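Residues per chain, in single letters:
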Amino acid sequence: MRKITSSIIILTVAVIAVIAPLFMADRSVYVQMILAAIVVTGLSLFMGYAGQASLGQGAFVAIGALTVAVLTVRFHVPSLLALIAAPLIAAAFAYLLGLPLLRLRGHYLAFGTLAVLLLVQALISAVPLFGGAVGIGGIPKLGIGTFTFSGQLFYVYFSLAILAVVILISRNVVASRFGRGVRALAGSESAAASSGVPILRTKLAVFALAGGFAGLAGGISAFFTPYVSSESFPASASFTYVIMAVVGGLGTIWGGVVGAVLITALVQLLNSASNIPSLPPTAGTILQYIAYAVVLMVFLLFMPGGLWPKIVGLFTCRRPETAPRLTESIL
């Protein structure tokens, strides 16, 4: 019964997601929301299921976008090949970076990932190949051969299809034998090691997978924008990904989608409020930071498992599998 109810909820959300953009004049925010959901789905695997911490997921988004920009503009690689390369290079970067970084734990690991983001931003600004202070513009449209895709509606449905694939991969990973080892890490690394789980190798695999998802989202965003610079990936965006994961539900597959939708809607509401003539120009940023702080405190104190478990539990009268304690221990 619970599976049937969950399927009905997911099907309803999918139908709404497909129909909604047909009634939108500007779909830019909608595309960015979907791309954020892709990033947060991977982040939820790393933070929720594996019990690790990351404040620099934007670094892998930057790697993916930079891969597309450099390959298409500097080396004239076909756009589709550049998009395929984006998640692969981001995952490889995450794997190599994780070799030393994932030996850290807790807030040390979180600040380490944040340092990586700042390092990537500095490299983009300093290296002319990566755009330097000007950035890289003129990224060609995504296409196959001589045929190119244009229009926001294409990117909406293409991003939705990618999100569906990412969710399917994540579900299969969590349900696999490897996924059980990943969940064991969140409980106790010592216990997991004694059960035969290779700790560092498992962390590296999840970190690389989450980085690949983020790189794929970054690659799509580079075609959609189409401009890449160091300012395209502020640290605040990485913090937003974490808040989305917490709000939606760490340790759940669909929590990333729920969190991305709600936080994106909240940001748009605050941006609209900041346009009131009597408010100063900085009101939007200030209101956003205040809202983030309030949302985090409310969810950590009163709903540590996130919204998705509550939604499923409301319709099934049963508590779904999740890891609410991870939210408290990690953050």
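If you're wondering where the values come from, they're calculated on a predicted model, not measured in any experiment.

Parameters and conventions
- Residues numbered from 1 in each chain as written.
- Predicted model: local features only at pLDDT ≥ 70, side-chain atom pairs only at ≥ 80, totals over all residues.
- Heavy atoms only, no water.
- Helix = DSSP H or I, 4+ residues; strand = E, 2+ residues; numbered from the N terminus.
- Rg over C-alpha atoms; globule rule 2.2 N^0.38 Å.
- Buried < 20%, exposed > 50% of the residue type's maximum accessible area, 1.4 Å probe, protein only.
- Contact = heavy atoms within 4.5 Å.
- Lys, Arg positive; Asp, Glu negative; His and termini not counted.
- Charge placed at Lys NZ, Arg CZ, Asp CG, Glu CD.
- Core = buried A, V, L, I, M, F, W, Y, C linked by side-chain atoms within 4.5 Å.
- Phe/Tyr/Trp six-rings, centres within 6.5 Å; stacked < 30°, edge-to-face > 60°.

(A) View of the overall build of the chain. Helix and strand content of the chain: 14 helices and 4 strands. A compact globule built from 331 residues should have a C-alpha radius of gyration of about 20 Å, and the chain, at 19 Å, falls within 12% of that. Along the three orthogonal principal directions, the C-alpha set of the chain runs to about 50 × 45 × 40 Å. The buried share among the 331 residues of the chain stands at 51%. For the chain, restricting intrachain contacts to residue pairs at least 6 apart in sequence, the fraction spanning at least 24 positions comes to 78%. Mean positive and mean negative side-chain charge positions of the chain (17 and 5 charges, respectively) differ by 12 Å.

(B) Spotlight on unusual backbone geometry. Of note, the bond from T225 into P226 is cis; its omega dihedral lies within 30 degrees of zero at -15°. Mapping P226 onto the fold places it in the loop between α9 (199–224) and β4 (227–228). One non-glycine residue, H76, lies in the positive phi region at around 55°. Inspection of the secondary structure assignment puts H76 in the loop between α3 (58–74) and α4 (79–101).

(C) Expanded view of the nonpolar core. Core analysis: the largest hydrophobic core is formed by 91 residues, its most contacted members being I38, F46, V228, Y241 and I263. With 15 residues, the top contributor of residues to this core is helix α2 (residues 28–49). Setting aside its immediate chain neighbours within four residues, V228 contacts A65, L66, A69, G135, I136, I139, A222 and F233.

(D) The packing of aromatic side chains, seen in detail. Taken as a whole and assessed by the stated rule, the structure comprises 9 aromatic pairs. With 5.4 Å between their ring centres and 85° between their planes, F60 and F207 make a pair best called edge-to-face. Placement of F60 in helix α3 and of F207 in helix α9 is noted, with a sequence separation of 147 residues between them. Neither F60 nor F207 differs from the other in exposure class; each is buried. Members of the aromatic cluster, connected to one another through ring pairs, are F147, F149, F154, Y155, F158 and F224.

The quantities given are spatial measurements derived from coordinates; they are silent on function.
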